[in-house]
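Each chain, letter by letter, is given below.
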Amino acid sequence: MRNSYAVAGYECFRGVGMKTFVRLWKLMAPHWKKMLGAAMLGFLTVASNMGLMGASALLIARAALRPPVLDLLTLIVGVRFLGISRAVFRYLERYVSHDVAFRVLSQLRVKFYRAIEPLAPARLADYRSGDLLSRIVADVETLENFYVRVLAPTLVALMILAVVFVFLAWFDLKLAFAVLGSFLAAGVGAPLVVRFLSRKTGRRVVEVRATLHANLVDSIQGMGEIAAFGQTRRRQEQVGALDRELMSLQGRMAGIAGLSGALTSLAMNLAMWSVLVLAIPLVSRGTLDWTYLAMLALTALSSFEAVTPLPLAFQYLEESFAAAQRLFEITDAQPAVQDLPGALSGPLPVHLSKSLSEPLSEPRGYNLQVDGLSFRYAQGEPWALRGLDLALPEGGRVAIVGPSGAGKSTLVNLLLRFWDYEHGSIRLGGHELKKYRQEDLRRLFGVVAQHTHLFNATVRENLLLARPESGEDEMIQAARDARIHDFIQSLPQGYDTYVGEGGFKLSGGQRQRLAIARALLKNSPILVLDEPTAGLDPVTEQEVMKAIHRLMEGRTTLVITHRLAGLEIMDGILVLKAGRVMERGRQETLLEQRGLYRKMWDLQHQIFPDDVYRPEGG
Ligand code: ADP
């Protein structure tokens, strides 16, 4: 364990850390002018303070000689000016640096979201939703530190060091080197100690915080189940344990921050004392005017304002790197499915060949032909589909039935190109699915699935998701056809009623009818119904089926189901088991065959296998 941490830390410092640093730097590149401006303002703030301290010390020393007031006028005005300018520069520096940081962060959020979208659902299955949330919110926020607390202060410290070195060297080189030594001790030595101490803790803070987020989101989403199974206490203890770990880690980080503060103060005071110790003999020898003594010591002391944030910068560097790596991990992930670059190889009908460069306009030729399709989710896993053949002519209706795990939803995943197939072919309008742009392809499919996700928005917004540009009349017509309009009308705010998180204010049947209304509104030529009535009671199921029949009119339809109800209207039925087609044909034929379909039918209709087949009984 110890070793792996050490190796990880080393790698972080040598390779991964450098790469992350360069990538973060590149993100900021378009804003470099503002960033430099913010650093300049930071420099001017510290420089004003140094000037203020130096000028004040000189003023007091000179005033002790009681010269005419006019001789002190420049210093008096200087002190006043620097006192005010310091505050103004500080304000402007905060303003500009945060402005840049927030701009970069908002870009980063958009970039992250854009990267996540194509990963859904194939690549996102490995992440918990709370973890993704933590990445897009907390990690992105952590990166603010990189710009505001790491980059800018380092630049400011370098500029101040240059100025203070030249200034002191002008009086005596020894003074300059003494301050340089303390500056390096505070600005590099202390941060290295901090980095060494906080490396593991910083990473762990990010990890534990992400786990805590993920756990909380999970717990809140599953609150009902947790309470029902009496697991509230256990869950609270888990969250409590994570919370305590986070607190203790943050406490350790605060302790490290305290230590770094102490080290910096030590170096700062050492610098002042060394200047005094080195400058006093110069005064005794007469090479330095005594009135400069306090000025030199105070200028050196105040220059450390630029060093104070550096240990913290190193601490934040660690956190920022961890956060950035977690973000880059997502943005770098290859989507499971990618559009083919360039033109198509074979000749295509005009409207289809357009699809690579622009949206499909005219729907034409929507026959689906699947040949020898085999698919598994990963190497070494069992095949989810094996040698599937299927012909679905335009306007035709085919049902895929089979027990759970037969591969029905897998076929839908492949049709919608959520995953890509390697063995066999799926052709739409005579051309491989892979040759279509994913976006254009999905536009051709209307899907009503078993679980419809409704957004925590109004009924109207949820419906218009299918086609935002549709008019009020079209939307109402779709709702009417889906037999949900009257219900929506009866809601307190009609179409403007909020449906709640995941549509929890609606029943299962209502949610499905909204999904059907959405599909009607989308008006796509091919329809995929993936167990749309699963989990509904028979009365609701019938209601939903009526709406579905309306939806199927004039559309090429693929029905996925394990419920054998209403399948007599299908042109063909494929019976799948363990990814293989066991039987195919129309319902009457399949029932007569007395094979798997008949077995499933009998079971669902409560008829024992030896009973006589009585279709009217079903
Ligand atoms: P059905 O829809 O008929 O119930 P599925 O198509 O969901 O069946 O599943 C077929 C097989 O593929 C099952 O063995 C299942 O475990 C596997 N499977 C489904 N989805 C995934 C996935 N995302 N990753 C890995 N295996 C999967």
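Scroll up for the structure.
Residues numbered from 1 in each chain as written. Predicted model: local features only at pLDDT ≥ 70, side-chain atom pairs only at ≥ 80, totals over all residues. Heavy atoms only, no water.

**Student:** Describe the overall build of the protein, listing the residues and the values that go with them.
**Tutor:** Helix and strand counts for the protein stand at 19 helices and ten strands. Since a compact globule built from 618 residues should have a radius of gyration of about 25 Å, the 35 Å found for the protein marks it as more spread out than a globular shape. Here the protein, with 618 residues, has 46% of them falling under the buried criterion. Of the roughly 31,100 Å² of accessible surface on the protein, 60% is carried by carbon and sulfur atoms. For the protein, the distance from the average position of its 69 positive side-chain charges to the average position of its 59 negative side-chain charges is 8 Å. (Helix = DSSP H or I, 4+ residues; strand = E, 2+ residues; numbered from the N terminus. Rg over C-alpha atoms; globule rule 2.2 N^0.38 Å. Buried < 20%, exposed > 50% of the residue type's maximum accessible area, 1.4 Å probe, protein only. Areas by Shrake-Rupley, 256 points an atom, 1.4 Å probe, with all protein chains shown as cover. Lys, Arg positive; Asp, Glu negative; His and termini not counted. Charge placed at Lys NZ, Arg CZ, Asp CG, Glu CD.)

**Student:** Which residues make up the site of the ligand, and what values go with them?
**Tutor:** In the neighbourhood of the ligand, the contacting residues comprise Tyr377, Glu381, Ala384, Pro403, Ser404, Gly405, Ala406, Gly407, Lys408, Ser409, Thr410 and Trp419. Contact between the ligand and Thr410: an oxygen atom at 2.5 Å from a side-chain N or O atom of the residue. Protein contact buries 61% of the 560 Å² of open area that the ligand shows by itself. (Near = heavy atom within 4 Å. Polar contact = N/O pair within 3.5 Å; in protein donor to acceptor, adjacent residues only side chain to side chain.)

**Student:** Could you give me a rundown of the sheet that holds strand β3 (residues 397-401), with the residues and numbers involved?
**Tutor:** Strand order across the open sheet formed by six strands is β6-β7-β8-β3-β9-β10, with mixed pairing between neighbours. Looking at which strands have only one partner, the edges of the open sheet turn out to be β6 (445-448) and β10 (580-585). The mean inter-strand angle of the sheet, taken between neighbouring strand axes irrespective of direction, is 15 degrees. On the sheet, helix α19 (residues 596-604) packs against β3, β9 (572-577) and β10 and is oriented at approximately 90 degrees with respect to β9. (Pairing = 2+ DSSP bridges. Axes fitted to C-alpha atoms, helices over the stretch in contact; angles between N-to-C directions. Contact = heavy atoms within 4.5 Å.)

**Student:** Quick one: what's the story with the sheet that holds strand β4 (residues 423-428), residue by residue and with numbers?
**Tutor:** Backbone hydrogen bonds are what pair the strands of a sheet, in a parallel or an antiparallel way. Read across the sheet, four strands follow the order β2-β1-β4-β5 without closing on themselves; strand pairing throughout is antiparallel. Strands at the two margins of the open sheet, each flanked by one partner only, are β2 (385-392) and β5 (431-432). As paired elements, strand β1 (residues 368-375) and β2 share five bridges and run antiparallel to each other. Across the sheet, Leu368 pairs through a bridge with Leu392, a residue of β2.

**Student:** Just give me the short version of the nonpolar core, but keep the residues and values in it.
**Tutor:** Formed by 45 residues in total, the largest nonpolar core has its most connected members in Ile516 and Tyr597. Tallying contributions element by element places helix α16 (residues 508-522) first for this core, with seven residues. Excluding anything up to four places from it in sequence, Tyr597 contacts Val401, Leu564, Leu567, Ile573, Val575, Glu583, Gln587, Leu590 and Leu591. Judged by nonpolar contacts, the second largest core, of 43 residues, contains Val156, Val275, Ala279 and Leu301. (Core = buried A, V, L, I, M, F, W, Y, C linked by side-chain atoms within 4.5 Å.)

**Student:** With reference to specific residues and values, describe the layout of surface pockets.
**Tutor:** Taken as a whole, the second largest pocket encloses approximately 450 Å³ of empty space. What lines the second largest pocket is a set of 20 residues, and nearest its centre among them are Phe375, Arg376, Tyr377, Asp420 and Glu422. Its residues assigned to classes, the lining of the second largest pocket comprises nine nonpolar, four polar and seven charged. (1 Å grid on protein atoms, 1.4 Å probe; cavity = no way out; pocket = protein on both sides within 12 Å on 5 of 7 lines; lining within 4 Å. Points joined across faces, edges and corners; volume = space filled by probe spheres on them. Nonpolar A, V, L, I, M, F, W, Y, C, P; charged D, E, K, R; others polar.)

**Student:** How would you summarise empty space enclosed by the protein if you had to cite specific residues and measurements?
**Tutor:** In this approach a probe as big as a water molecule rolls over the atoms, and the regions it shows empty are the leftover space. Inspection of every chain in the model, using the stated rule, returns two cavities of 30 Å³ or more. What lines the largest cavity is a set of 16 residues, among which Thr533, Met545, Val559, Thr561 and Ala565 lie closest to the centre. Counting residues per element, the ones that place at least two in the lining of the largest cavity are α17 (538-552) and β8 (556-561). It is α17 that contributes the most residues to the lining of the largest cavity, five residues altogether. Considering only residue class, the lining of the largest cavity consists of nine nonpolar, four polar and three charged. Computed from the structure, the second largest cavity encloses a volume of approximately 50 Å³.

**Student:** Tell me about the packing of aromatic side chains, and name the residues and values.
**Tutor:** This model, assessed by the stated rule, comprises eleven aromatic pairs. With 5.5 Å between their ring centres and 70 degrees between their planes, Phe167 and Phe171 make a pair best called edge-to-face. Here Phe167 and its partner Phe171 are both found in helix α4 (residues 129-171), four residues apart, which amounts to about one turn of the helix. In this structure an aromatic cluster arises from ring pairing among Phe21, Phe146, Tyr147 and Phe321. The ring of Phe328 has Arg23 sitting right over it, with the charged end atom 3.9 Å from the ring centre. A cation over an aromatic ring shows up here: Lys434 above the ring of Tyr421, its NZ or CZ 4.6 Å from the ring centre. (Phe/Tyr/Trp six-rings, centres within 6.5 Å; stacked < 30°, edge-to-face > 60°. Lys NZ or Arg CZ within 6 Å of the ring centre and 35° of its normal.)

**Student:** I'd like a rundown of α17, residues and numbers included.
**Tutor:** Between its first and last C-alpha, α17 extends 20 Å over 15 residues, near the 21 Å set by a 1.5 Å rise per residue. Where α17 is buried, its residues touch β3, β6, α14 (472-481), α16, β7 (526-530) and β8. (Expected span 1.5 Å × (residues − 1).)

**Student:** So, the pattern of salt bridges: which residues are in play, and what are the values?
**Tutor:** Under the definition given, this model contains 29 salt bridges. With a closest N to O distance of 3.8 Å, Arg135 and Glu329 form a salt bridge. With a gap of 194 residues between them, Arg135 in helix α4 and Glu329 in helix α9 (residues 309-332) connect regions that are remote in the sequence. The closest approach of N and O atoms between Glu472 and Arg460, which form a salt bridge, is 2.5 Å. Here Arg460 lies in helix α13 (residues 459-464) and Glu472 lies in helix α14, a separation of twelve residues in the sequence. Here the residues in one salt-bridge network are Arg86, Arg90, Glu93, Arg94 and Glu305, joined through shared partners. (Salt bridge = Lys/Arg side-chain N within 4 Å of Asp/Glu carboxyl O.)

**Student:** I'd like a description of a nonpolar patch on the surface, backed by residues and values.
**Tutor:** On the surface, Ile84, Val88, Tyr91, Leu92 and Tyr95 cluster together to form a nonpolar patch covering roughly 540 Å² of accessible area. In this structure, Tyr91 sits in helix α3 (residues 69-116). (Patch = residues over 30% accessible without salt bridge, like charges linked within 9 Å, V, L, I, M, F, W, Y side chains within 5 Å.)

**Student:** Any chance you could break down the pairing of β8 for me, citing the residues and the numbers?
**Tutor:** Within β8, six of the six residues are buried, which leaves it mostly tucked inside the rest of the structure. Taking every second residue as pointing to the same face, both faces of β8 are buried, with Thr556, Leu558 and Ile560 on one and Thr557, Val559 and Thr561 on the other. Pairing between β3 and β8: five bridges, direction parallel. The residue bridging Ala399 from the neighbouring strand is Val559, located in β8. With five bridges joining them, β7 and β8 adopt parallel strand pairing. Across the sheet, Ile526 pairs through a bridge with Thr556, a residue of β8.

**Student:** Got a sec to walk through the packing of α4 against α9? Specific residues and values, please.
**Tutor:** Running from N to C, α4 and α9 cross one another at 140 degrees; their axes reach a closest spacing of 7 Å. Regarding α4 and α9, the two cross each other, and that crossing is left-handed. (Left-handed = near helix turned anticlockwise from the far one by under 90°.)

**Student:** Now, about the packing of α4 against helix α5 (residues 173-221): what can you tell me, with residues and values included?
**Tutor:** One way to put it is that α4 packs onto α5 with a least axis distance of 11 Å and a crossing angle of 175 degrees. As the angle between them shows, α4 and α5 are arranged roughly antiparallel. (Parallel < 35°, antiparallel > 145°, perpendicular 65-115°, else oblique.)

**Student:** I'd like a rundown of the environment of Gly78, residues and numbers included.
**Tutor:** You can see Gly78 is positioned in helix α3. Sequence-wise, Gly78 and Leu59 are 19 residues apart; in three dimensions their C-alpha atoms are separated by 9.8 Å.

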